[in-house]
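# Structure at a glance
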Amino acid sequence: ALPARVRIHEVGARDGLQNESALVPVEVKAEFIARLAAAGLRTIEATSFVHPKWVPQLADAEELLPRLTELRGQYPGLRLPVLVPNERGLERALAHGADEVAVFASATETFAQRNLNRSMAEALEMFRPVVGRATEHGLTVRGYLSMCFGDPWEGPVAPEQVVEAGLRLIELGCAELSLGDTIGVATPGQVAALLEAFTRSGVPVARLAVHFHDTYGQALSNTLTALRHGVTVVDSSAGGLGGCPYAKSATGNLATEDLVWMLHGLGIETGVDLAALVGTSAWLARQLGRPSPSRAVQALAGP
Ligand code: HMG
Ligand code: MG
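Reference entry: report on the structure contained in this document. (Residues numbered from 1 in each chain as written. Chains lettered and ligands numbered in written order. Predicted model: local features only at pLDDT ≥ 70, side-chain atom pairs only at ≥ 80, totals over all residues.)

### A closer look at helix α9 (residues 188–200)
Short version of the rule: What counts as a helix is a DSSP run of H or I of at least four residues, what counts as a strand is a run of E of at least two, and both are numbered from the N terminus. Multiplying one less than the number of residues by 1.5 Å gives the expected span of a helix. To sort residues by exposure, count the other C-beta atoms lying within 10 Å of each residue's C-beta; 20 or more gives buried, 12 or fewer gives exposed, and values between give partly exposed, all with C-beta atoms placed from the backbone. Think of it as the arc spanned by the lines of direction from the helix axis to the C-beta atoms. Any pair of residues counts as being in contact when their C-beta atoms, constructed from backbone geometry, are within 7 Å of one another.
Between its first and last C-alpha atoms α9 spans 18 Å; for 13 residues at 1.5 Å apiece the expected length is 18 Å, and the two agree. For α9, the full list of buried residues reads Gln190, Val191, Leu194, Leu195 and Phe198. On an axial view of α9, the arc spanned by its buried residues comes to 130 degrees, and they lie on one face. Across from the buried face of α9, at angles greater than 90 degrees, the exposed residues are Gly189, Glu196 and Arg200. In the core, the buried residues of α9 are packed alongside α8 (159–172), β9 (176–181), β10 (208–212) and α10 (219–228). Looking one or two residues beyond α9, the residue adopting positive phi is Gly202, at roughly 85 degrees.

### Quick look at the pairing of strand β5 (residues 100–106)
Rules: When DSSP locates at least two bridges between a pair of strands, those strands are taken to pair.
By the criterion of burial, β5 is predominantly enclosed, with six of the seven residues buried. Alignment of strand β4 (residues 82–83) against β5, held across two bridges, turns out to be parallel. Counted as the bridge partner of Val82 is Val101 from β5. Where β5 lies against strand β6 (residues 140–146), seven bridges are found, and the strand directions are parallel.

### Digging into the sheet that holds β10
Think of a sheet as strands paired side by side through backbone hydrogen bonds, with each pair either parallel or antiparallel. Keep this limit in mind: Note on method: axes are straight lines fitted to C-alpha atoms, helices fitted across the in-contact stretch only, with angles between N-to-C directions ranging 0 to 180 degrees.
Pairing within the open sheet is parallel, and its nine strands lie in the order β2-β1-β11-β10-β9-β6-β5-β4-β3. Of all strands in the sheet, those bounded by a partner on one side alone are β2 (43–44) and β3 (47–48). In the sheet, strand β1 (residues 7–10) pairs with β2 via two bridges, with the strands oriented parallel. Within the sheet, the bridge partner assigned to His9 lies in β2 and is Thr43. The strands that α8 touches are β5, β6 and β9; relative to β6, the one it contacts most, it runs at about 165 degrees.

### Structural notes on the site of ligand 1
We apply this condition: Nearness between a residue and a molecule or strand is assessed with a C-beta atom placed from the backbone; a distance within 6 Å qualifies. For this classification, Asp, Glu, Lys and Arg are treated as charged, while Ala, Val, Leu, Ile, Met, Phe, Trp, Tyr, Cys and Pro are nonpolar and the rest, including Gly, are polar.
Taken together, the neighbourhood of ligand 1 is formed by 24 residues, with Val50, His51, Gly89, Gly180 and Thr182 sitting nearest. Of all elements in the fold, only α5 (87–95), α6 (109–116) and β6 reach the threshold of two or more residues within the shell around ligand 1. Looking at the shell around ligand 1, the element that brings in the most residues is α5, giving three residues. Split by residue class, the shell around ligand 1 holds 10 nonpolar, 11 polar and three charged.

Here's what the structure looks like:
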């Protein structure tokens, strides 16, 4: 059976823009997020409080977050999570009004080292006080897990290894776990196997979200497989923006428009106004000077 409703966790402003080499002005980012909210998205990842030298595109997080304050009043229930890797990041996020955060771990050693300059074990120790303090402040913490199916340096990743890493994040206090196919290599059989492995380990599917990239055109098939396994939270990126600056061969995230087209076709509610969303992605594509890779945007945006 399929769910009646799916919550879309929109990552375009963070996962999407972090991969753009040309700096996008903070006004454009704020307008992008406002348009996403107007199109009906209610979980919009806004930015990251990471080291500005590691992700220069998001170095304006301090300026961006306060600009989003009035959106919270305008759209009750709007969630604007931000990524924080460490205590320094959490301090910055709290000082600028964040009320929801995410830490981001890796299911593989190589990517942990490349993305966080830490081993997997060291990264967990870095997150421990972040999750603890965030929880004390009443913030919800999401845990990302990257490279859940394959890693560009290590090849295929065993489900047991992913479950092991996921359990550590849940033990730390992460309320939700987002399973990332960072390089977009997964196929539906692997998605089923991983979700079944989590279930066997006692993790309720209600705590799992999926985060697919569309490198090999598998993101929607993988999403449908996850829905059939009871997942109801899906990450996607408006217009299919994205990649990952520290993972070679990571191309775009699943496009939110492609996802919404499929979900609405299946009679699954999202709360999203597809025409407004397509208009937003077409507008952003003009700002970036590049067409959106989303098939639904191409089909619906017109010339
Ligand atoms: P490091 O170089 O090991 O940092 O980087 P450090 O802890 O040794 O500190 C060095 C200096 O950086 C210190 O300053 C710190 O204060 C400063 P100094 O004392 O030398 O003047 N510093 C900071 N400044 C501002 N904000 C901070 C911060 N932290 C330290 N938060 C670090 C370690 C984790 C900081 C670095 O590796 C980093 O920022 N990594 C982020 C990489 C990233 O954002 N990657 C993309 C997101 S993950 C992703 O996209 C995957 C995902 O989408 C899921 C999927 O697709 O699968 C989530
Ligand atoms: Mg991603």
